[in-house]
Amino acid sequence: ACGRLNDLLVFHLGFPEVSARYNPVGSFARVTEVANRLANQLPGSGESAAFKEFAWRFTNIIARALVALGRRPDYRQIQRYILNIDNLLSDYCEWWLPQVATDWQQEISKIEENIDERQLPPHLRLRPKRLLATVNYIQQAKQAQFYDPVAEGLCSAFNYDKTYFDKITASLLPLIEKLTTGKVAELISPDYLNLEDNRPIFDWLQVIRGKKIVYIGLDALSD
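Note that the structure is predicted; figures quoted are calculated from it, not measured.

Caption draft 1: Structural context of the nonpolar core. Within the largest apolar cluster, 58 residues are counted, with the highest numbers of intra-cluster contacts made by I62, I82, I85, Y137 and L154. Here the element with the most residues in this core is helix α2 (residues 48-68); it accounts for 8 residues. L154 has contacts with I61, A65, I85, L88, L89 and Y92, leaving out every residue within four places of it along the chain.

Caption draft 2: Representation of helix α4 (residues 86-100). Here α4 spans 21 Å end to end across 15 residues, near enough to the 21 Å set by a 1.5 Å rise per residue. Along α4, the largest kink reaches about 30° and is centred on E94; proline P98 follows within four residues of it. Along α4, the residues classified as buried are D86, L88, L89, Y92, C93, W96 and L97. Looking at the buried side of α4, the elements it contacts are α2, α3 (75-83), α5 (104-113), α6 (129-141) and α7 (149-158).

Caption draft 3: Expanded view of the packing of aromatic side chains. Under the counting rule described, the total for this entry stands at 9 aromatic pairs. Seen in terms of ring centroids, Y22 and F202 are 5.2 Å apart; in terms of plane orientation they differ by 15°. Their pairing is stacked. Of this pair, Y22 sits in strand β2 (residues 21-22) while F202 sits in strand β3 (residues 201-202), placing them 180 residues apart in sequence. Its relative accessible area of 17% is what places Y22 among the buried residues. Aromatic side chains Y22 and W204 sit 5.9 Å apart centroid to centroid with 65° between the ring planes, which places their arrangement in the edge-to-face category. In this pair, Y22 is assigned in strand β2 and W204 in helix α11 (residues 204-210), connecting sequence segments 182 residues apart. An aromatic cluster of three or more residues is present, and its members are F11, Y22, F202 and W204. Directly above the aromatic system of Y192 lies the positively charged group of R72, at a separation of 4.5 Å from the ring centroid. Just above the ring of F158 sits the side chain of R127; from NZ or CZ to the centre is 4.2 Å.

Caption draft 4: Main features of the pattern of salt bridges. Counted by the stated rule, this structure contains 10 salt bridges. Its salt-bridge partner being R37, residue E33 comes within 2.7 Å of it at the nearest N-O pair. Here R37 and E33 lie together in helix α1 (residues 32-39), a separation of 4 residues that amounts to about one turn. Judged by its relative accessible area of 27%, R37 is partly exposed. The salt bridge involving R199 is made with E186; its shortest N-O contact spans 3.2 Å. One end of the pair, R199, is in the loop between α10 (184-188) and β3; the other, E186, is in helix α10, and 13 residues separate them in sequence. Because the salt bridges share partners, they merge into one network encompassing R21, E186, D197 and R199.

Caption draft 5: The arrangement of the side chain of T180 in detail. When you line up the elements, T180 lands in the loop between α9 (172-179) and α10. The class for T180 is buried, based on a relative accessible area of 15%. For T180, the side chain forms a polar contact with the main-chain oxygen of I176, separated by 2.8 Å. Apart from residues lying up to four places away in sequence, T180 is in contact with Y75, R76, Q79 and A185.

Caption draft 6: View of unusual backbone geometry. A positive phi angle, near 50°, is found at K211, a position not held by glycine. Of note, K211 is situated in the loop between α11 and β4 (213-217). Judged by relative accessible area, which is 64%, K211 ranks as exposed. Unusually for a residue other than glycine, D219 sits at a positive phi of about 50°. Its location among the elements puts D219 in the segment after β4.

Cut-offs used in this document
- Residues numbered from 1 in each chain as written.
- Predicted model: local features only at pLDDT ≥ 70, side-chain atom pairs only at ≥ 80, totals over all residues.
- Heavy atoms only, no water.
- Core = buried A, V, L, I, M, F, W, Y, C linked by side-chain atoms within 4.5 Å.
- Buried < 20%, exposed > 50% of the residue type's maximum accessible area, 1.4 Å probe, protein only.
- Helix = DSSP H or I, 4+ residues; strand = E, 2+ residues; numbered from the N terminus.
- Contact = heavy atoms within 4.5 Å.
- Expected span 1.5 Å × (residues − 1).
- Bend = angle between axes of the 7 residues up to and from the residue.
- Phe/Tyr/Trp six-rings, centres within 6.5 Å; stacked < 30°, edge-to-face > 60°.
- Lys NZ or Arg CZ within 6 Å of the ring centre and 35° of its normal.
- Salt bridge = Lys/Arg side-chain N within 4 Å of Asp/Glu carboxyl O.
- Polar contact = N/O pair within 3.5 Å; in protein donor to acceptor, adjacent residues only side chain to side chain.

In structure tokens form, the structure reads like this:
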């Protein structure tokens, strides 16, 4: 009636094929907001408080690494790296180490050649030798040459025993599963590089500045 149809954004979980898309953790003033938005959905009273704090810390490590690599955080990436931190650790080290060391590849190769699997803790014996050598190199060099809190956090996550790690992320993974399952995942973890998807992606700063109208349908009763 007001002639503002172009200012209307419809975000509806019940109609994903025509809905706009929204990344709840893609826009932020401080990178810690990514972990806050996820961890705040977890129970934080009693014994759950410690698990919530660990979930926050681990999500924050992943978010900081993604931002440093120039990637926009989303739920799918967070889930991927919670389940397997190896690829993110490898990508981050290949981006960061050339900035602080010139001979890092040669040094890591030397360490890799000398790794004896029989002397490793059981939970590290099946991990890639190159990554084991990289973590070893970072831990040896951090005091003498350089220190990076994101690399340190990724290394600590890499060293966790998987059984122990699964226990302390037990409350976080079901939440992320709900957010990354089915067609809804395409709406809240949008693929920014898919040029064939014409559904708009919005953020609240864009909405406020453009004085747009947003209709939200959560489709809460369908399940």
